[in-house]
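# Examination of the molecular architecture
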Amino acid sequence: MISYDYLETSLGLAEIICEDESLIGLKLVSEKTHSDSENKTSKKVKSQILEYLNGSRKTFNIPIKLNGTDFQKRVYEETLKIPYGSTETYGEIANSIGNPKSMRAVGMALGKNPIWIIIPCHRVIGKNKKLTGFAGGIDKKLSLLKLENPEIEIKE
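A few points on the structure. All values derive from a computational prediction rather than experimental measurement. (Residues numbered from 1 in each chain as written. Predicted model: local features only at pLDDT ≥ 70, side-chain atom pairs only at ≥ 80, totals over all residues. Heavy atoms only, no water.)

### Considerations on the side chain of Glu78
Residue position: Glu78 is located in helix H2 (residues 70-79). Judged by relative accessible area, Glu78 falls into the buried class, the value being 13%. Dropping the residues within four chain positions of it, Glu78 is found in contact with Ile93, Ser96 and Ile97. (Helix = DSSP H or I, 4+ residues; strand = E, 2+ residues; numbered from the N terminus. Buried < 20%, exposed > 50% of the residue type's maximum accessible area, 1.4 Å probe, protein only. Contact = heavy atoms within 4.5 Å.)

What follows is the structure, given as structure tokens:
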């Protein structure tokens, strides 16, 4: 069963989508489009996202279910391995999944990341430490990177 819940954050309104006991979606939205339906998983998501945004949480312990193509799932799984406060380039992700020429496809997959922040696509940057696209906006990507590592060197 699919359920929806919402959380107001410092970055905007987050929509939390659960299927049974797993998180399948977390994204910023402009308004609520479903009735709130808090459950055990969405409650845990809300708590952990707020802890992350206030700087007291570095990892998440939430059951997730990845949806997407096999390629997208490989990209998401590899992105989940990027440590808090670190970054990788699209090329590094492409190499890690054994497809070194797929940098653009990696970017496209991350552009469809269904579980914002928890699958930390904000930690993926362009070569030469350059900020590139982010579904929530470049300003939010920079904000998340600076939250995790105030000393991070990023080129805008």
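Right, picking up where we left off after that structure.
### Quick word on the side chain of Thr79
The residue Thr79 is located in helix H2 in this model. Those residues in contact with Thr79, other than ones at most four positions away along the chain, are Ile93, Leu110, Ile119, Pro120, Cys121 and Val124.

### Brief notes about the pairing of strand S1 (residues 2-9)
Bridge count for S1 against strand S2 (residues 12-19) is eight bridges, and the pairing is antiparallel. Each residue of the ladder has a partner; that of Leu7, found in S2, is Ala14. Once S1 ends, the chain turns through two residues before running back antiparallel as S2. (Pairing = 2+ DSSP bridges.)

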